[in-house]
Amino acid sequence: MADRSPVLRIITSAARDSLKPLGLAQRGRSRVWIDDHGWWLGVVEFTPLRTAGSSLHVGAMWLWHDVDYLAFHAGSGRTGHEIFRTEGQFTPLALALGRQAAAETTALRERFPDLPAVARHLTSRPAQRGFLWDSFDAGIAAALVGATDTARGLFERVLREDALAPWMVEAQEKTRELHAIAADQDAVTGWVTRAVDSCRSKLALGPLQLAIS
């Protein structure tokens, strides 16, 4: 197997060229770069392959999930499958991945410029049984913009799912809280702000800087 250290060095250099000018920050010395929007993140991961090399995954993470790990809740799937053979062969491939990451980050910013745009996107997706988090996220976004009836309908869809695992039980407990306050936009905003602040703390991102709006 090829040495992985030159892969990380080349990927990091390519990402700095393409992503740093857009304001993204590298997550430590990892292959992950963050586009911080306060209550949501753009996440760019130059995902390792089974052999040395990289693919690319770019997406949005809604921080109201209040978890201690990065996740992809919306956006593109994993693309690219660039295998490292030599530094000379891999460098232009890494630069191309960096440019693609920048383009997808820009597209994500344009798709989600504000909360109403996020709400329109999330609530427009077709309902699919078993995709509990889709309804959960859409319900929160709808409640935040004052679309109470839509939010309640989405939360009720979550509650109709069979809770087959502990994480589903926890999700439904949160959903019941949100369903009860769905008509009170300020209360929902407060609930989400607390969740986002907690998530940012767990991810060592610092306190929320931007209002949820």
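Our structure is the block above this text.
Residues numbered from 1 in each chain as written. Predicted model: local features only at pLDDT ≥ 70, side-chain atom pairs only at ≥ 80, totals over all residues. Heavy atoms only, no water.

**Q** Can you tell me about the environment of I10, naming the residues and giving the values?
**A** For I10, the position within the fold is in helix α1 (residues 5-19). Among the residues examined, I10 registers a relative accessible area of 7% and is labelled buried. Distance from I10 to R111, taken between C-alpha atoms, is 30 Å for residues 101 residues apart in sequence. (Helix = DSSP H or I, 4+ residues; strand = E, 2+ residues; numbered from the N terminus. Buried < 20%, exposed > 50% of the residue type's maximum accessible area, 1.4 Å probe, protein only.)

**Q** Give a description of the packing of aromatic side chains that names residues and reports values.
**A** Applying the stated criterion across every chain, the model contains nine aromatic pairs. Each ring, one from W39 and one from W64, has its centre 5.9 Å from the other, and the planes form 15°; the classification is stacked. On the criterion of sequence distance, the pair formed by W39 in the loop between β2 (32-36) and β3 (40-45) and W64 in the loop between β4 (53-62) and β5 (74-75) is long-range, its members being 25 residues apart. Residues W39 and W64 agree in their burial class; the two are buried. On the numbers, 5.8 Å between centres and 85° between planes, the contact of W40 with F112 is edge-to-face. Highlighted residues: W40 in strand β3 and F112 in the loop between α2 (87-111) and α3 (115-124), separated in sequence by 72 residues. The buried category is assigned to W40, whose relative accessible area is 3%. Judged by its relative accessible area of 2%, F112 is buried. (Phe/Tyr/Trp six-rings, centres within 6.5 Å; stacked < 30°, edge-to-face > 60°.)

**Q** Please give an account of the pattern of salt bridges that cites residues and values.
**A** Considering all chains together, one arrives at five salt bridges under this definition. Taking the shortest distance from any N to any O, the salt bridge between R109 and D35 comes out at 2.8 Å. Taken together, the residues span a long stretch of sequence, with R109 in helix α2 and D35 in strand β2 at a distance of 74 residues. Owing to a relative accessible area of 26%, R109 belongs among the partly exposed residues under this scheme. Judged by relative accessible area, D35 falls into the buried class, the value being 5%. With its nearest N and O atoms 2.9 Å apart, the salt bridge here joins D36 to R200. Here the residue D36 occupies a position in strand β2, and R200 occupies one in helix α7 (residues 185-202), the gap between them amounting to 164 residues. R200 sits in the buried class, given a relative accessible area of 2%. (Salt bridge = Lys/Arg side-chain N within 4 Å of Asp/Glu carboxyl O.)

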